[in-house]
Every structure is written in structure tokens, then in C-alpha cells.
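Take a look at the letters that make up each chain.
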Amino acid sequence: AAGVIQSPRHLIKEKRETATLKCYPIPRHDTVYWYQQGPGQDPQFLISFYEKMQSDKGSIPDRFSAQQFSDYHSELNMSSLELGDSALYFCASSLELAGVYNEQFFGPGTRLTVL
Amino acid sequence: SQELEQSPQSLIVQEGKNLTINCTSSKTLYGLYWYKQKYGEGLIFLMMLQKGGEEKSHEKITAKLDEKKQQSSLHITASQPSHAGIYLCGAASYSGGGADGLTFGKGTHLIIQP
């Protein structure tokens, strides 16, 4: 079965540079979520989108922005990168069903290293 | 915000033995998720529970949500090396919306000894 696709899988950037992470949800899924997982930490929710609209917001820094496009893929844009931004970034997708909590399926992650 | 406490933090079990991992919240759990993660890899969805008293099973893994919806347990029967990894419980906030981000516990590291 098709899974969530994230690109790139690995990314190395310098401080103060920008980075763009991409997420392609499971086919027919209409909701995407972004999470950040630091070394030895549990995943922290950043932001989610449903039908191209921001749905829920977590601990996303102001330096980060995200959007969902008409084909449901999503991009996380990160500017003025800091050393502390080094982490695994996960995208998850789900199909919105009325009245129930969505099963979120995670991608393999993008490992971002900021030097 | 919701805080989830997982226990134990780590667990070493001999292959073939049963084990249980717990996830506890001080608040009512709405949408309780269980995931498995291998180090540095993505989270694998195991099960999601919503209703008090609900129980779901998949292969040798059974998850339960208590009637008060404040505690969940994950039980593995006849553990195998493939069960090794980090088990994370996650909970959705109560907004009633389906696109809520999840808050996770710190995880339980499971090691299976042959």
C-alpha cells in the first residue's frame, strides 16, 4: 500500500539558511500534519492542514511556515535556521471522517542537520 | 495541554514472554493512539481507541482504553524480536476536530532478549 512520501530524506544546512521540506500524503488523504522530533525526544506537533486550510497549530516557531496545495501535498518552509532546528521532521496524513478521530499515518521523516 | 505518562520507560523481556505498557493521563483521553518507532525511523501506526472500555487487537498486540478514558494499556503476547522498538502513546486534544495534532508520551523502549 502507498505510504506518506517525504523529501528530501536528509538535508544539511548552515545556520541562517533556509530549508523546504515536502510531504506527499497517502492517496485520497486530505489532511496533513507536521511534527518535529529532536534527538531522544518524543515528536512535537507543529501544524496541520485540512483541505488547504490550517486546521490546528502547535509549537511551530514563527520562522517556520507551511501550506497545503491543491493536490494535497504540503511544504514546510524553515528560515533563519538555528542549530536547535536539527531534528527529524515527520509528516503524517489522514482522511478526515466526520465525528471520529483520524488515524494518522506517518512518513519516514526528513533528517535535518544544521551546522 | 495534555500530558501523557508512559510506564515503564524501558523494558527488557525474554522472547516468548508477555508484556504490558501503560499510558496514563490526568485528563480525559480523546482519541488515544499507539505507535511503534524504530530508532531514527518513522512511526508505525498500531491502533487508535476512542471509546471508554474499547479494546482492539492486531496479531499479538492488544490495546485497551479504560472506562474512565484516562489510562490505556498495550499488551503483547508471546513477544518476538520483531516487537523490539520504541512504543509511543499519543492523544488528540478535545476539540472534536479530526485534524488535531497529537501529544505524545516519552515512549517505552522495548528490548527482546533471545
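Residues numbered from 1 in each chain as written. Chains lettered and ligands numbered in written order. Predicted model: local features only at pLDDT ≥ 70, side-chain atom pairs only at ≥ 80, totals over all residues. Heavy atoms only, no water.

Undergrad: Looking at this structure, I do not really get the overall build of chain B. What am I missing?
TA: Summing up its helical and strand segments, chain B has zero helices and 11 strands in all. When its helices and strands are written in sequence order, chain B yields β-β-β-β-β-β-β-β-β-β-β. Over its C-alpha atoms chain B spans a radius of gyration of 14 Å, differing by no more than 12% from the 13 Å that the globule rule assigns to 114 residues. The buried share among the 114 residues of chain B stands at 49%. Total accessible area on chain B stands at roughly 5600 Å², and carbon and sulfur atoms take up 47% of it. The centroid of the 11 positive side-chain charges in chain B is displaced by 2 Å from the centroid of its 10 negative side-chain charges. (Helix = DSSP H or I, 4+ residues; strand = E, 2+ residues; numbered from the N terminus. Rg over C-alpha atoms; globule rule 2.2 N^0.38 Å. Buried < 20%, exposed > 50% of the residue type's maximum accessible area, 1.4 Å probe, protein only. Areas by Shrake-Rupley, 256 points an atom, 1.4 Å probe, with all protein chains shown as cover. Lys, Arg positive; Asp, Glu negative; His and termini not counted. Charge placed at Lys NZ, Arg CZ, Asp CG, Glu CD.)

Undergrad: Teacher, can you tell me more about the overall build of chain A here?
TA: Looking only at helices and strands, one finds zero helices and 11 strands in chain A. The order of α-helices and β-strands along chain A, N terminus first, is β-β-β-β-β-β-β-β-β-β-β. What you see for chain A is a C-alpha radius of gyration of 14 Å, in line with the 13 Å of a compact globule of 115 residues. Seen through its C-alpha atoms, chain A measures out along the principal axes to roughly 45 × 30 × 25 Å. When contacts within chain A are restricted to residue pairs at least 6 apart in sequence, long-range pairs at least 24 apart make up 53% of them. Of the roughly 5600 Å² that chain A leaves accessible, carbon and sulfur atoms contribute 51%. Separation of charge centres in chain A, based on 10 positive and 13 negative side chains, amounts to 7 Å. (Contact = heavy atoms within 4.5 Å.)

Undergrad: Would you explain the layout of surface pockets in this entry?
TA: Where empty space is left can be seen by rolling a probe of water-molecule size over the atoms. All names here are of chain A. Estimated volume of the second largest pocket: approximately 390 Å³. Lining the second largest pocket are 19 residues, and of these Gln-37, Gly-38, Pro-39, Gly-40 and Gln-41 lie nearest its centre. Residue contributions to the lining of the second largest pocket peak at three residues, all from strand β11 (residues 110-114). Class assignment of the residues belonging to the lining of the second largest pocket gives a composition of seven nonpolar, nine polar and three charged. (1 Å grid on protein atoms, 1.4 Å probe; cavity = no way out; pocket = protein on both sides within 12 Å on 5 of 7 lines; lining within 4 Å. Points joined across faces, edges and corners; volume = space filled by probe spheres on them. Nonpolar A, V, L, I, M, F, W, Y, C, P; charged D, E, K, R; others polar.)

Undergrad: What is the right way to read the state of the cysteines from this model?
TA: Put plainly, two cysteines are in a disulfide when a covalent bond ties their sulfur atoms together. In total, this model carries two disulfides over all chains according to the counting rule given. For A:Cys23, the disulfide goes to A:Cys91, at an S-S distance of 1.8 Å. Because the torsion about its S-S bond is -55 degrees, the bridge between A:Cys23 and A:Cys91 counts as left-handed. Highlighted residues: A:Cys23 in strand β3 (residues 19-24) and A:Cys91 in strand β9 (residues 87-94), separated in sequence by 68 residues. In this structure A:Cys23 comes out as buried when scored by relative accessible area, which is 0%. Note that B:Cys23 is cross-linked by a disulfide to B:Cys89, the S-S spacing being 2.1 Å. Negative torsions about the S-S bond denote left-handed disulfides, and the value of about 75 degrees found for B:Cys23 with B:Cys89 makes this one right-handed. Within this pair, whereas B:Cys23 is found in strand β3 (residues 19-25), its partner B:Cys89 is found in strand β9 (residues 85-92), the two being separated by 66 residues in sequence. Across this residue pair, the class does not change: B:Cys23 and B:Cys89 are buried. (Disulfide = S-S within 2.5 Å.)

Undergrad: What is the right way to look at the side chain of A:His29 in this model?
TA: Along the polypeptide, A:His29 turns up in the loop between β3 and β4 (31-37). If we ignore the near neighbours within four places in the chain, the residues touching A:His29 are A:Tyr72, A:Ser93, A:Ser94, A:Leu95 and A:Phe105.

Undergrad: Hey, could you run me through the sheet that holds β3(A) in this one?
TA: Sheets are built from strands paired through backbone hydrogen bonds, the pairs being either parallel or antiparallel. All names here are of chain A. Spatial ordering of the open sheet is given by β1-β3-β8-β7, a layout of four strands whose pairing is antiparallel. Sheet topology places β1 (5-7) and β7 (64-68) at the edges, where each strand pairs with a single neighbour. Strand-to-strand twist across the sheet, computed as the mean angle between neighbouring axes with direction ignored, equals 15 degrees. Sheet topology note: the β3/strand β8 (residues 74-78) ladder contains five bridges and is antiparallel. (Pairing = 2+ DSSP bridges. Axes fitted to C-alpha atoms, helices over the stretch in contact; angles between N-to-C directions.)

Undergrad: Before we go on, may I ask you to explain the environment of A:Gly58 in this structure?
TA: Residue and element names in this part refer to chain A. Summarising the element assignment, Gly-58 is placed in the loop between β6 (53-57) and β7. On a C-alpha basis, the gap between Gly-58 and Gln-44 in space is 7.9 Å, while along the polypeptide they are 14 residues apart. Among all residues touching Gly-58, those that are not within four sequence positions of it are Phe-45, Leu-46 and Ile-47.

Undergrad: So what exactly am I meant to see when it comes to the pairing of β11(A) here?
TA: Along a regular strand, successive side chains alternate from one face of the sheet to the other. Residue and element names in this part refer to chain A. Residues Thr-110, Leu-112 and Val-114 of β11 are buried on one face, while the alternating residues Arg-111 and Thr-113, pointing to the opposite face, are not. The pairing of strand β2 (residues 10-13) with β11 spans four bridges and is classified as parallel. The residue bridging Lys-13 from the neighbouring strand is Val-114, located in β11. For β9 and β11, the ladder comprises three bridges, and the chain directions are antiparallel. Each bridged residue has a counterpart across the sheet, and for Ala-87 the counterpart in β11 is Leu-112.

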